[in-house]
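Observations on chain architecture
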Amino acid sequence: MSVAWKVGDRLEHTSFGEGQVTHVFGSGERVSISVDFEEMGPKILDPQRAPISPVAAVIDDADPVRRPDGQFRWRGALFSTREEMLLAKALMDQGAMGVASNSSMLLQRSSKLHRKPDLLVFHHVDERLVFGIAEVDGSSHEGRWADDQERHRELQAAGFLCIRHYTAEEVFQDPVGTAKDFLSFLEKFHPTGQRTSLLRT
């Protein structure tokens with residue numbers, strides 16, 4: 001496949017995974033591209049020979065792109081469920097500084113967290129960077145109340161005190177309203193304040 005690569009294009013390499021084009025060198029048949037791969041870091045490739053293909057951009061698409069492995073993709077990030085992706089998009093649209101999804105989050109091997117949070121959200125409030133966790137509880141959570149409580153305590157013990165739970169149904173029905181609720185929750189949260197009940201019922 002002959003592609004006119006440009007800076008910012010996303011691609012997938014059969015061995016290196018996904019990455020983004022950071023530089024294009026040369027022209028015509030004598031082109032090389034520098035790609036910053038998510039897992040492997042920067043590499044310089046000959047696009048005529050490298051086993052690469054473009055990754056479709058879905059930044060403005062509200063519908064998730066489902067991969068063969070069952071995960072959903074938006075803005076290059078992977079999400080375990082459609083509802084997590086919809087909430088991440090709504091959070092970004094409502095002004096969150098950043099969202100890290102469960103599937104795209106890296107933890108140190110020494111981390112005491114055995115289960116990653118669904119969404120780690122960063123938000124700028126009054127010259128402070130605040131962060132919290134948005135959990136999307138779907139059908140896989142049915143009958144797992146005790147397990148979810150243990151996970152909640154594990155997250156708090158690791159320093160994540162600002163945690164809010166939503167059902168997958170409420171996120172699907174109103175992702176924007178859910179995002180507004182979560183960002184309002186973050187804005188009211190004060191890292192040095194009293195520890196309060198953080199579970200939403």
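Rules and cut-offs
- Residues numbered from 1 in each chain as written.
- Predicted model: local features only at pLDDT ≥ 70, side-chain atom pairs only at ≥ 80, totals over all residues.
- Heavy atoms only, no water.
- Salt bridge = Lys/Arg side-chain N within 4 Å of Asp/Glu carboxyl O.
- Helix = DSSP H or I, 4+ residues; strand = E, 2+ residues; numbered from the N terminus.
- Buried < 20%, exposed > 50% of the residue type's maximum accessible area, 1.4 Å probe, protein only.
- pLDDT = per-residue confidence, 0-100.
- Contact = heavy atoms within 4.5 Å.
- Core = buried A, V, L, I, M, F, W, Y, C linked by side-chain atoms within 4.5 Å.
- Pairing = 2+ DSSP bridges.
- Axes fitted to C-alpha atoms, helices over the stretch in contact; angles between N-to-C directions.

1. Topic: the pattern of salt bridges
Oppositely charged side chains can pair when the atoms bearing their charge come close. All told, the structure shown has 7 salt bridges when counted by the stated rule. Asp93 is paired through a salt bridge with Lys89; the nearest N and O atoms lie 2.9 Å apart. Of this pair, Asp93 and Lys89 are both found in helix α1 (residues 82-93), 4 residues apart, which corresponds to roughly one turn of the helix. Residue Lys89 is classed as buried on the basis of its relative accessible area, which comes to 13%. Ionic pairing is found between Arg164 and Asp181, a salt bridge with its closest N-O pair at 3.2 Å. With a gap of 17 residues between them, Arg164 in strand β12 (residues 163-167) and Asp181 in helix α4 (residues 175-188) connect regions that are remote in the sequence. Its relative accessible area of 25% is what places Asp181 among the partly exposed residues. Overlapping salt bridges bring together Arg10, Glu18 and Glu38 as one network.

2. Describing the confidence of the model for the chain
Looking at the chain, pLDDT values average 78 and 77% of them are 70 or higher. In the model of the chain, strand β6 (residues 65-66) stands out as the element of lowest mean pLDDT, 68, in contrast to helix α3 (residues 168-173), which has the highest, 92. Taken together, the stretch residues 57-62 has pLDDT below 50 and engages in 13 contacts with residues farther than four places along the chain or on a different chain. Of the regions scoring below 50 in pLDDT, residues 191-201 engages in 20 contacts with residues more than four places distant in sequence or in other chains.

3. Focus on the nonpolar core
Among the nonpolar cores identified, the biggest contains 27 residues, and Phe79, Leu87, Leu91, Leu119, Val121, Phe182 and Leu186 are the most heavily contacted of them. Contributions of two or more residues to this core are made by β7 (72-74), β8 (77-79), α1, β10 (119-125), β11 (128-137), α3 and α4. Counting residues per element, this core draws most heavily on α1, at 6 residues. The contacts of Val121, once residues within four sequence positions are left out, are Leu91, Ala96, Gly98, Val99, Val130, Phe131, Gly132, Phe182, Leu183 and Leu186. If you look at the next biggest cluster of nonpolar residues, it comprises 10 residues, including Trp5, Val21, Val35 and Phe37.

4. Examining the sheet that holds β11
Reading across from one edge, β9-β10-β11-β12 is the order of the 4 strands in this open sheet, with mixed pairing throughout. Edge strands, defined here as strands with exactly one partner in the open sheet, are β9 (98-101) and β12. Across the sheet, the mean angle from the axis of one strand to that of its neighbour is 25°, orientation sign disregarded. Bridge count between β9 and β10: 4 bridges; the pairing is antiparallel. Note that in β10 the partner of Ser101 across the bridge is Leu119.

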